[in-house]
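Examination of the molecular architecture
So you can see what is in the structure, the chains are spelled out below.
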Amino acid sequence: MVKNILKEWWIWVILLMGLILWLSSCTELDPLEPKIRKYTAQEGSHDFAPSPLPFPSGARSFHGLAKLHSSCWYDNLGVDQSDWNKLAGVYRFADVVKDKNSFILAWRPLTTTPNRFELCLYENIDGANVPHDSAIYQVSGGQLFDFELIYTNNKYSLYVDGNLLGTQRNDVTYNWIAKISAWFGGNQSAPWTMCLEMDF
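Structural notes, computed from the coordinates. (Residues numbered from 1 in each chain as written. Predicted model: local features only at pLDDT ≥ 70, side-chain atom pairs only at ≥ 80, totals over all residues. Heavy atoms only, no water.)

Moving on to the overall build of the protein. When you go through the protein residue by residue, the secondary structure sums to two helices and 12 strands. Listed N to C, the secondary structure of the protein is α-α-β-β-β-β-β-β-β-β-β-β-β-β in terms of helices and strands. Looking at the protein residue by residue over its 200 residues, the buried ones come to 38%. Contacts in the protein between residues far apart in sequence, at least 24 positions, make up 66% of those at least 6 positions apart. (Helix = DSSP H or I, 4+ residues; strand = E, 2+ residues; numbered from the N terminus. Buried < 20%, exposed > 50% of the residue type's maximum accessible area, 1.4 Å probe, protein only. Contact = heavy atoms within 4.5 Å.)

Have a look at this one:
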């Protein structure tokens, strides 16, 4: 009788499906383990690669994790030293360009303390650069921090490690958005190869 059962193809299919289901349940990802990816800006460039394609979506909230490496710290850009670098954010997709209306978490080195960084909310409002540098959050190189872009009542707010850094100042409604990924500068390009890690 067992030989007759094993000759039936559909029983093999059921057994195989059961085995696959069992094996996949053994390798389930831990939802608490972040899926952090390394991004690199080569010396002389602006873009941290790999740079994701800007796929549009409806405006919504986002959560992310990031870590700036010590290679991101610098103090040799002269008059451009205080420029903000972009880490992650969103822009209004209808504008086509990322620097017309956008809502971004930005960073720069704290030049008085090696391997220390400042984070702030940075907006582009109708093409103007508007950093909210009255609310600064500091992190160390290698420190993992979380950030949230919360979308409520047609406005974005930015939180880092649970601390509010600011709320959208312009009256633009972000109906359709696309993500902005890490970018070095300002005017200057990366003075050497820099790395950071992020899940966004």
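That was the structure; now back to the text.
To continue, consider empty space enclosed by the protein. Enumeration according to the criterion identifies one cavity of 30 Å³ or more in this entry. Here the largest cavity defines a volume of roughly 30 Å³. Taken together, Tyr74, Leu77, Asp80, Asp83, Asn85, Phe184, Gly185, Gly186, Asn187 and Gln188 make up the lining of the largest cavity. Here the lining of the largest cavity is composed, by residue class, of three nonpolar, five polar and two charged. (1 Å grid on protein atoms, 1.4 Å probe; cavity = no way out; pocket = protein on both sides within 12 Å on 5 of 7 lines; lining within 4 Å. Points joined across faces, edges and corners; volume = space filled by probe spheres on them. Nonpolar A, V, L, I, M, F, W, Y, C, P; charged D, E, K, R; others polar.)

Turning our eyes to something else, we now look at the environment of Val160. Relative to the helices and strands, Val160 is located in strand E9 (residues 155-160). On the accessibility criterion, Val160 (0% relative accessible area) is buried. Once residues within four sequence positions are removed from consideration, Val160 is found in contact with Leu105, Leu119, Tyr137, Phe145, Asp146, Phe147 and Leu165.

This next bit is on the pattern of salt bridges. Tallying each qualifying case throughout the model produces four salt bridges. Between Asp126 and Lys100 there is a salt bridge, with the nearest N and O atoms lying 3.8 Å from each other. Taken together, the positions of Asp126 in the loop between strand E6 (116-125) and strand E7 (128-140) and Lys100 in the loop between strand E4 (85-92) and strand E5 (102-109) put the pair 26 residues apart, joining distant regions of the chain. Under the relative-accessibility criterion, Lys100 is labelled partly exposed at 32%. (Salt bridge = Lys/Arg side-chain N within 4 Å of Asp/Glu carboxyl O.)

Glancing now at the sheet that holds strand E3 (residues 62-68). Spatial ordering of the open sheet is given by E1-E12-E3-E8-E9-E10, a layout of six strands whose pairing is antiparallel. Sheet topology places strand E1 (37-41) and strand E10 (163-167) at the edges, where each strand pairs with a single neighbour. The mean inter-strand angle of the sheet, taken between neighbouring strand axes irrespective of direction, is 25 degrees. Across six bridges, the pairing between strand E8 (residues 145-152) and E9 is antiparallel. The partner of Phe147 across the bridge, within E9, is Val160. (Pairing = 2+ DSSP bridges. Axes fitted to C-alpha atoms, helices over the stretch in contact; angles between N-to-C directions.)

No statement about biological role is implied by the geometric values presented.
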